[in-house]
Amino acid sequence: MRSRGYPVGDFEERVEDISVDHAPVVEHYRTAHVIALASEREETTTEDLRQAMRHYRALFEDLLEVRDEAPRRMEAGR
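Residues numbered from 1 in each chain as written. Predicted model: local features only at pLDDT ≥ 70, side-chain atom pairs only at ≥ 80, totals over all residues. Heavy atoms only, no water.

Attention shifts here to the packing of helix H1 (residues 11–22) against helix H2 (residues 26–40). Two numbers describe how H1 lies on H2: the axes approach to 9 Å, and their chain directions differ by 155 degrees. Judged by the inter-axis angle, H1 sits roughly antiparallel to H2. Note that H1 runs across H2; the crossing there is right-handed. Here Phe 11, Glu 12, Arg 14, Val 15, Ile 18, Ser 19 and His 22 of H1 lie close against H2, whose contacting residues are Val 26, Tyr 29, Arg 30 and His 33. (Axes fitted to C-alpha atoms, helices over the stretch in contact; angles between N-to-C directions. Helix = DSSP H or I, 4+ residues; strand = E, 2+ residues; numbered from the N terminus. Parallel < 35°, antiparallel > 145°, perpendicular 65-115°, else oblique. Left-handed = near helix turned anticlockwise from the far one by under 90°. Contact = heavy atoms within 4.5 Å.)

A cluster of nonpolar side chains, contributed by Phe 60, Leu 64 and Val 66, occupies part of the molecular surface with about 230 Å² of accessible area. Structurally, the position occupied by Phe 60 is in helix H3 (residues 46–64). You can call Phe 60 partly exposed: its relative accessible area is 33%. (Patch = residues over 30% accessible without salt bridge, like charges linked within 9 Å, V, L, I, M, F, W, Y side chains within 5 Å. Areas by Shrake-Rupley, 256 points an atom, 1.4 Å probe, with all protein chains shown as cover. Salt bridge = Lys/Arg side-chain N within 4 Å of Asp/Glu carboxyl O. Buried < 20%, exposed > 50% of the residue type's maximum accessible area, 1.4 Å probe, protein only.)

The structure is reproduced here in structure tokens:
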């Protein structure tokens, strides 16, 4: 995120900055962050962590302007 010009300090500041150019993925970022905090408290399952990775992937694909459909096709059983 730093290399894309976003500060890496305060979470809420990052959310505000990201929402300007990447509003559709802000909720992905928030959800992944909640899961990451729960993980620090050892309150997550493997499925929770998998979901967090999917949310982070949506964020980073948008930040990098990458659209890799192959993983989604594999997950959908196509």
